[in-house]
There are 4 protein chains.
Amino acid sequence: MARPRSEETRRAALIAAVDLVGEGGLVAATFSAIAARAGTSRVTLYKWWDSPAALVLDALLEGTTASVTHAPELSTRDALAHQMHALVELLTDDGRTGAALRAVTAQAGSDPALRTELVEHWLGPRRAVAAGLLQRGQARGEVREGIDVEAAVDVLFAPLYHRLLFGHGPVDDRLVDAVLDLFAGFA
Amino acid sequence: MARPRSEETRRAALIAAVDLVGEGGLVAATFSAIAARAGTSRVTLYKWWDSPAALVLDALLEGTTASVTHAPELSTRDALAHQMHALVELLTDDGRTGAALRAVTAQAGSDPALRTELVEHWLGPRRAVAAGLLQRGQARGEVREGIDVEAAVDVLFAPLYHRLLFGHGPVDDRLVDAVLDLFAGFA
Amino acid sequence: MARPRSEETRRAALIAAVDLVGEGGLVAATFSAIAARAGTSRVTLYKWWDSPAALVLDALLEGTTASVTHAPELSTRDALAHQMHALVELLTDDGRTGAALRAVTAQAGSDPALRTELVEHWLGPRRAVAAGLLQRGQARGEVREGIDVEAAVDVLFAPLYHRLLFGHGPVDDRLVDAVLDLFAGFA
Amino acid sequence: MARPRSEETRRAALIAAVDLVGEGGLVAATFSAIAARAGTSRVTLYKWWDSPAALVLDALLEGTTASVTHAPELSTRDALAHQMHALVELLTDDGRTGAALRAVTAQAGSDPALRTELVEHWLGPRRAVAAGLLQRGQARGEVREGIDVEAAVDVLFAPLYHRLLFGHGPVDDRLVDAVLDLFAGFA
DNA sequence: AAATAAGCGAGACGGTACGTCCTGTCTTAGC
DNA sequence: GCTAAGACAGGACGTACCGTCTCGCTTATTT
């Protein structure tokens, strides 16, 4: 019995936010700036999102829902490699997504609510996929039984996020191969 | 030929900054708040540091200069374990340092200048030590010859920083052991 | 289609400003102090006034709108005397207005925008009245035809403002009488 | 047993101050700016002057000491006209002096100490000369006996300062003539 | 069809931090 | 003892954004 939320406004906000992050980092993506660019009212943004970072995260999740892939025919190593390469590509592709993810990641360090969201909706699902692959590998005999699966996921993916954040080395396919080469989890 | 910088003021600022980060994250550590707590002038802070994060980093570096250890009698694995455990302890000890490092790390994601400082003065020296251990290990025959040393350092340490940032799992000695167990760099 | 300006806030600012000028001169009437005393936000003041002096001028204009008087039955000399005495009374009455006018007048010397405002909304209307009286006097034959009306207005009123500013002599009714006695404009 | 005050430094400060006032008004003539331009230390300025305005006034007095003229052969009217024209010339000549005087005058409105200085060392001597001329005129029979001499001085000179401050009309020789024409003090 | 309720743009407002400027005081060292 | 150099606390400046608050218009449902 009331007017429904305007989808048009919502999309305009998401696009404006990601654009602004791409141009000037998360600092540039203030509610004021997003509202101005999206042609909406600031109050509307406050109503639907807690912070600019939450808005960017929302955009991020919307833009990359189809990242969970099924490939039963691949070996565990190849499947993991596939997922890692996909992440690398995502982070380095057009810059937009990488910049947005880096911004949100950084902000999460000083915003517990955002961190929870990020872990729950971004990191969690991706970790679950990787953990699933490792467990499937154990069932198949391709992965050692005794390993700490959670730690293994960290060993495989943390280097990528780590370099994304600090920029002390490139995030590329060579890194993925090197990490897999140094991973002692395979049988 | 002029009044020298007040060391007292400087220390008060460092302490106030770290305390504030511990209490309310980097958001709480504004120059205004630091100045108020340290009993100094805001302008003085602007004069000596570029941002609150830079100030916190300064405090961090000052508080942990003696982290580079020599232990030639240890095996490469034990030496690396030692360094990793030391990092874990640092991050979990009183909470202060961990919170500060998390804050600075996060902020580095959206502050290139800070990132440079952080990589140069915090991450760099620690990575150099680890890389040195790995190379010494290669000379000793304890570490495989063909590995990518830089990537190896990432594989070993990134999981710790990763969990520090996202909090999706504990940063403890068990994690260190699990990571070392999954590290395929040893001969 | 938006929240209307708060008249309450506006009045509080005007009162606070005049009070502060009365207590400590225009130096004391900073936007910070006015905001603090009026219980408003500093930013709101910046939004509506260019400077504390402009705010005080606003208050001045608001407080003395009814100064233009009609008295067709008076002679030109008496009408001018009336206006001059009214100004004297205004400047010496409670001290508030005199102090405010002195402050604004002084400030106008180093603030072109304020000077324009002051001339346009304070000095101008009052000069126009006086000039009107003189011209009416010329039509009536009470004032010499050949005089420079603008200069005459200066001769009559400048001494009052001059003494207000420098305080080298009293601004009182005796001065008004003396000035009129020394004015050679009457036929 | 001590180093004497540096005359060189003093002159540099005076020149710098007047220059700065000429360029950007009294607002631009801060102790900081004067010190920087004069190549002296700020503290030295604090030691010798109370405020930038006092410094400018000092320069003003120094530059125009020779303005008191003797001319016994002139009529009272001509002598007064001479003094008034001299003032007009001073205020309009190169702009430097006029700007400085206007600035100091304005500042005097909100600085009692400066006002005292200004009245005592600038306005007072000039008023005394004019008053002296009027009294000499009374002795000679050129000036009416019954007039208020102080008020007369105001009537003659206030219009010049008034226009200088408000800029509502030109300060020129025509004004001087008009004022003298409207002055009813002559016998 | 009208009433109702929420969505929304516009903009005012108090609040807080920003980064800068100047003040007045101080400390140190050179002349 | 004058001076230059510069550190420091303090306070105002003008700006930006935040989060909240009226407003009044628009847009769907729901009686």
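This text goes with the structure placed above it.
Notes on the structure in this doc start here. (Residues numbered from 1 in each chain as written. Chains lettered and ligands numbered in written order. Predicted model: local features only at pLDDT ≥ 70, side-chain atom pairs only at ≥ 80, totals over all residues. Heavy atoms only, no water.)

## What about the overall build of chain A?
A count of helical and extended segments in chain A gives nine helices and zero strands. Along chain A, helices (α) and strands (β) appear in the sequence α-α-α-α-α-α-α-α-α when read from the amino end. Considering only C-alpha atoms, chain A reaches an extent of 55 × 45 × 30 Å along its principal axes. Within chain A, buried positions represent 48% of all 187 residues. The contacts of chain A with a sequence gap of at least 6 include a subset with a gap of at least 24, amounting to 64%. About 8700 Å² of surface is accessible on chain A, with carbon and sulfur atoms providing 53% of the total. Positive and negative charge centroids in chain A, built from 18 and 24 side chains respectively, lie 5 Å apart. (Helix = DSSP H or I, 4+ residues; strand = E, 2+ residues; numbered from the N terminus. Buried < 20%, exposed > 50% of the residue type's maximum accessible area, 1.4 Å probe, protein only. Contact = heavy atoms within 4.5 Å. Areas by Shrake-Rupley, 256 points an atom, 1.4 Å probe, with all protein chains shown as cover. Lys, Arg positive; Asp, Glu negative; His and termini not counted. Charge placed at Lys NZ, Arg CZ, Asp CG, Glu CD.)

## Section: the protein's contact with DNA strand E
Around DNA strand E lies a shell of 45 residues, among which Lys47 of chain A together with Met1, Ser6, Lys47 and Trp48 of chain C are the nearest. Sugar plus phosphate, as a fraction of atoms of DNA strand E within 4 Å of the protein: 59%. Between DNA strand E and the protein, one listed contact pairs a base nitrogen with a side-chain N or O atom of Arg3 of chain C at 3.2 Å. Within the backbone of Phe31 of chain D, a nitrogen or oxygen atom sits 3.2 Å from a phosphate oxygen of DNA strand E. Secondary-structure elements contributing two or more residues to the surface near DNA strand E are helix 3 (42–48) of chain A, helix 2 (31–38) and helix 3 (42–48) of chain B, helix 3 (42–48) of chain C together with helix 2 (31–38) and helix 3 (42–48) of chain D. Sort the elements by how many residues they give to the surface near DNA strand E and helix 3 of chain C lands first, with five residues. Here the residues of the surface near DNA strand E are counted per class, giving 19 nonpolar, 15 polar and 11 charged. (Near = heavy atom within 4 Å. Polar contact = N/O pair within 3.5 Å; in protein donor to acceptor, adjacent residues only side chain to side chain. Nonpolar A, V, L, I, M, F, W, Y, C, P; charged D, E, K, R; others polar.)

## Side note on the environment of Thr92 of chain B
You can see Thr92 of chain B is positioned in helix 5 (residues 76–92). With relative accessibility at 44%, the residue Thr92 of chain B sits in the partly exposed group.

## A look at the interface of chain C and chain D
Between chain C and chain D, the contact holds 36 residues from the first and 37 residues from the second. Across the interface of chain C and chain D, roughly 3300 Å² is buried in total on both sides, 67% from carbon and sulfur atoms. Per-residue buried area on chain C facing chain D is highest for His162, Phe166 and Leu182 of chain C; these three make up 21% of the total on that side. Our count for the contact surface shared by chain C and chain D stands at six salt bridges. At the junction of chain C with chain D, the criterion picks out 12 residue pairs in polar contact (both at pLDDT 80 or more). Looking at the side of chain C that touches chain D, the elements that each hand over two or more residues are helix 6 (96–108), helix 7 (112–140), helix 8 (149–166) and helix 9 (173–181) of chain C. For the side of chain C that touches chain D, the element with the most residues is helix 8 of chain C, which contributes 12 residues. Considered class by class, the residues forming the side of chain C that touches chain D number 20 nonpolar, six polar and 10 charged. (Buried area = accessible area lost by both parts, 1.4 Å probe. Salt bridge = Lys/Arg side-chain N within 4 Å of Asp/Glu carboxyl O.)

## Side note on a negative patch on the surface
Residues and elements named next belong to chain A. On the surface, Glu89, Asp93, Asp94, Asp173 and Asp177 cluster together into a patch of negative charge. Assignment of secondary structure puts Asp94 in the loop between helix 5 (76–92) and helix 6 (96–108). Its relative accessible area of 51% is what places Asp94 among the exposed residues. (Patch = residues over 30% accessible without salt bridge, like charges linked within 9 Å, V, L, I, M, F, W, Y side chains within 5 Å.)

## Quick look at the interface of chain B and chain A
Taken together, the contact between chain B and chain A spans 36 residues of the former and 37 residues of the latter. Buried area between chain B and chain A, summed over both chains or domains, comes out near 3300 Å², and the portion from carbon and sulfur atoms is 67%. Interface area lost by chain B to chain A is led by His162, Phe166 and Leu182 of chain B, which between them contribute 22%. Note that Asp181 of chain B is salt-bridged to Arg144 of chain A, the shortest N-O span being 3.2 Å. Our enumeration of links across chain B and chain A arrives at 12 residue pairs in polar contact (both at pLDDT 80 or more). Top contributing element to the side of chain B that touches chain A by residue count: helix 8 (residues 149–166) of chain B, with 12 residues. A class-by-class count of the residues in the side of chain B that touches chain A yields 20 nonpolar, six polar and 10 charged.

## Looking at the relation of the copies chain B and chain A
Superposing chain B onto chain A takes a rotation of 179° plus a shift of 0.2 Å along the axis, which leaves an RMSD of 0.3 Å. Taken together, the turn and the small shift mark the pair as related by a two-fold rotation axis. A share of 97% of interface residues in chain B that are also interface residues in chain A marks the association as one of identical surfaces. (Least-squares fit on C-alpha atoms with pLDDT ≥ 70 in both.)

## Digging into the side chain of Thr76 of chain A
Residue and element names in this part refer to chain A. Among the secondary structure elements, Thr76 is positioned in helix 5. Using a relative accessible area of 1% as the deciding quantity, one classes Thr76 as buried. Contact partners of Thr76, with chain neighbours within four places excluded, come to Leu133, Arg136, Gly137, Arg140, Glu142, Val143 and Phe186.

## Re the relation of the copies chain C and chain D
Least-squares fitting of chain C to chain D yields an RMSD of 0.2 Å, with the transformation described by 0.3 Å of translation along the axis and a rotation of 179°. Of the residues that chain C buries at the interface, 97% are likewise interface residues in chain D, meaning the two copies contact each other through the same surface.

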